[in-house]
Amino acid sequence: MEGNVKEGSFRDKVATVDKSGKRIWVYPQMPEGRLHDLRKWVTVLYLLVFFGLPFIKVNGQPIFLINVLQRKFILFGQIFWPQDFFIFAIGMAVFIVFIALFTVVFGRVFCGWACPQTVFMEMLFRKIEYWIEGNGVEQKILDKGPWNTDKITKRVSKWIAFWLLSFIIANTFLEYIIGVDELDKMIREPFAMHLGSFITLAVFTTVFFFVYLWMREQVCTVICPYGRMQGVLLDRDSVIVAYDYKRGEERGKFHKNEERTIGDCIDCAQCVKVCPTGIDIRNGTQLECINCSACIDACNKMMDGVGLPKALSGMHLKIISLKKGHGNLPGE
Ligand code: SF4
Ligand code: SF4
């Protein structure tokens, strides 16, 4: 792996694609630790807002409505009609500038902590998967194993759970588009009267199901335009998840009761095993890193275990880290 770092060969390929172009499936180990606990609380708040917002009304109107069909938009209780579109366009332009500036300062924190794709994938669907199929290694064994009763039961349970959750999410998105009252009416009235809406709902449910069952991290690493722009949005002052290359190298196994003469990285690969995008953070800042911070928790646990200082992998405000002699990445 170190040879890989020196050559920089990891930069020539996507971590989840092999030489023949076939996808390498990621079975991340269950994350745990202080930052993951914090993420759980952020997720609870996030989901409360996401699922609760369509039910909040101001003067009888929903506080948020993006009714593309009737070209009626309500943002924070303020109605925008098609003739107000220029305000909407200015708002969008301001929003895009904000996103760019936010990224320059805070890096990809949004991706790991607030993007619906990551929140739903890592904090809802992945949790269900762990609950039904077990930790990463168990999932891999199940995947490679024969289609026996155990595998069929677990797989079918997972598909049903994923489908139901996708259906709930699709309904919530529909609430943002047509409003809760309209959705309520749709459910109560005869099926034939809302055939189009039901077909839309089925399509959205299928898309979500497919994304969370199969596409997963590929959305962040291959499809999402925001993710693809990271290379030009980050600068030397951006907050990133980084491995302290100077402190960690030369990496080597930990031997109890032996004086350590090499770097602090004990080459346990725990940071790699928990990564939901399948990368090795020790290779430096990479396009695939969504700043989920799972590797920080994993590394801190190992450092604790062997009695070395924490934060070998951590959130680094790089310029400050460099002044302190930390945050040195490959090639620096
Ligand atoms: S490298 Fe670390 S922060 Fe980045 S995606 Fe992987 S686990 Fe998350
Ligand atoms: S978890 Fe920490 S010690 Fe283990 S391989 Fe990763 S960086 Fe090295």
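These numbers come from a predicted model, not from an experiment. Sequence order sets the numbering: in each chain, residues are counted from 1 along the sequence as written. For this description, chains carry letters from A and ligands carry numbers from 1, given in the order in which they are written. A pLDDT threshold of at least 70 governs which residues receive local features in this predicted model, and a stricter bar of 80 or more applies before side-chain atom pairs are shown or counted, although totals over entire chains, interfaces and linings include all residues.

Peer 1: Before we move on, could you go through the site of ligand 2 and cite the residues and values that matter?
Peer 2: Proximity of a residue to a molecule or strand is defined by its backbone-placed C-beta atom lying within 6 Å of that partner. Around ligand 2 lies a shell of 15 residues, among which Cys265, Cys268, Gln270, Cys271 and Cys299 are the nearest. Only runs of H or I of at least four residues qualify as helices and only runs of E of at least two qualify as strands under DSSP, and these elements are numbered from the N terminus. For the shell around ligand 2, the secondary-structure elements that each account for two or more residues are helix H14 (270-273) and helix H15 (294-306). Here the shell around ligand 2 takes three residues from H15, the largest share from any one element. Polarity classes work like this: nonpolar for Ala, Val, Leu, Ile, Met, Phe, Trp, Tyr, Cys and Pro, charged for Asp, Glu, Lys and Arg, and polar for all others, with Gly in that last group. Of the residues assigned to the shell around ligand 2, the class counts are 10 nonpolar, three polar and two charged.

Peer 1: Lay out the sheet that holds strand E4 (residues 72-75) in plain terms, naming residues and giving numbers.
Peer 2: Here, any two strands with at least 2 DSSP bridges between them count as paired. Across the sheet, three strands lie side by side as E3-E4-E5; this open sheet has antiparallel pairing. Since the sheet does not close on itself, it has two edges, and those belong to strand E3 (64-67) and strand E5 (78-80), each with one partner. For this sheet, the mean angle separating the axes of adjacent strands, direction not counted, is 25°. Convention adopted: a line fitted to C-alpha atoms gives each axis, helices being fitted over their contacting stretch, and angles between N-to-C directions are expressed from 0 to 180 degrees.

Peer 1: Outline the pairing of E3, listing residues and values.
Peer 2: Across a regular strand the side chains alternate sides, sitting on one face of the sheet and then on the other. When E3 meets E4, the two strands line up antiparallel, connected through four bridges. The residue of E4 that forms the bridge with asparagine 67 is lysine 72. As consecutive antiparallel partners, E3 and E4 are separated by four residues, and within that stretch arginine 71 has a phi angle of approximately 50°, a positive value.

Peer 1: For the domain arrangement of the protein, give the residues involved together with the corresponding values.
Peer 2: Domain limits in this description derive from either an automatic procedure or a database domain assignment. For the protein, the domain assignment lists domain 1 (2-25 + 236-323) and domain 2 (34-80 + 115-216). Computed from C-alpha atoms alone, the centre-to-centre distance between domain 1 and domain 2 is 32 Å. Counting residues at the interface gives eight residues for domain 1 and six residues for domain 2. The element best represented in the side of domain 1 that touches domain 2 is H15, accounting for three residues. By the convention adopted here, residues are in contact when the distance between their C-beta atoms, placed from the backbone, does not exceed 7 Å.

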